[in-house]
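# Per-entry structural report
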Amino acid sequence: MDEMEAGKQKFLDLVKGVDGAVQVVIPVTPSNSMFLISLTKGPNRKFITVPEDDILDLPNEAGILAKVTKTVKDAVAGL
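Residues numbered from 1 in each chain as written. Predicted model: local features only at pLDDT ≥ 70, side-chain atom pairs only at ≥ 80, totals over all residues. Heavy atoms only, no water.

## Side note on the overall build of the protein chain
What the protein chain contains, in helices and strands, is three helices and three strands. Mapped from its N terminus to its C terminus, the protein chain presents α and β elements in the order α-β-β-β-α-α. In terms of C-alpha radius of gyration, the protein chain reaches 12 Å, essentially the compact-globule figure of 12 Å for 79 residues. For the protein chain, the spread of C-alpha atoms along the principal axes amounts to about 35 × 25 × 20 Å. In the protein chain, buried positions account for 34% of the 79 residues. Contacts spanning at least 24 positions in sequence make up 40% of the contacts within the protein chain whose residues lie at least 6 apart. (Helix = DSSP H or I, 4+ residues; strand = E, 2+ residues; numbered from the N terminus. Rg over C-alpha atoms; globule rule 2.2 N^0.38 Å. Buried < 20%, exposed > 50% of the residue type's maximum accessible area, 1.4 Å probe, protein only. Contact = heavy atoms within 4.5 Å.)

Take a look at the structure:
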């Protein structure tokens, strides 16, 4: 598994840990070094942007993990 796949898997695990009912769609490739990620719960959908570098560093950097976790929790709370 390459770094990008590991980061995407860590992101999916993070979202499942926050709320297992949320469906996640992560694009295959970033646009302008940003991933536009869709979070859906029931009829509600929210989009968040996560920098490509943050996805790459997610499995290994606690600071990045904390930042992305806060972003996900805020987005899920809005669903």
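Text resumes after the structure shown.
## Some words on the sheet that holds strand 2 (residues 34-41)
Read across the open sheet, the three strands follow the order 1-2-3; overall the sheet is antiparallel. Every interior strand has two partners, whereas the edge strands, strand 1 (23-25) and strand 3 (44-51), have only one. Neighbour to neighbour, the strand axes of the sheet diverge by 25 degrees on average, direction disregarded. As judged from the three bridges shared by strand 1 and strand 2, these two strands associate in the antiparallel manner. (Pairing = 2+ DSSP bridges. Axes fitted to C-alpha atoms, helices over the stretch in contact; angles between N-to-C directions.)

## Notes on the pattern of salt bridges
Going through the model one piece at a time under the given rule, you end up with three salt bridges. Two residues, K67 and D54, come together in a salt bridge whose shortest N-O distance is 2.8 Å. A residue pair is termed long-range when its members are at least 10 positions apart, and K67 in helix 3 (residues 62-77) and D54 in helix 2 (residues 52-57) qualify at 13 residues. Looking at D54, the relative accessible area reads 7%, which means it is buried. (Salt bridge = Lys/Arg side-chain N within 4 Å of Asp/Glu carboxyl O.)

## Examining the nonpolar core
Judged by nonpolar contacts, the single largest core of 20 residues is most densely connected at F11, I37, L39, I48, V68 and V72. Of all the secondary structure elements, the ones that give two or more residues to this core are helix 1 (3-18), strand 2, strand 3 and helix 3. Looking at this core, the element that brings in the most residues is helix 3, giving five residues. The contact partners of I37, leaving out residues within four places of it in the chain, are F11, V24, V25, I26, P27, K46, F47, I48, V50 and I55. (Core = buried A, V, L, I, M, F, W, Y, C linked by side-chain atoms within 4.5 Å.)

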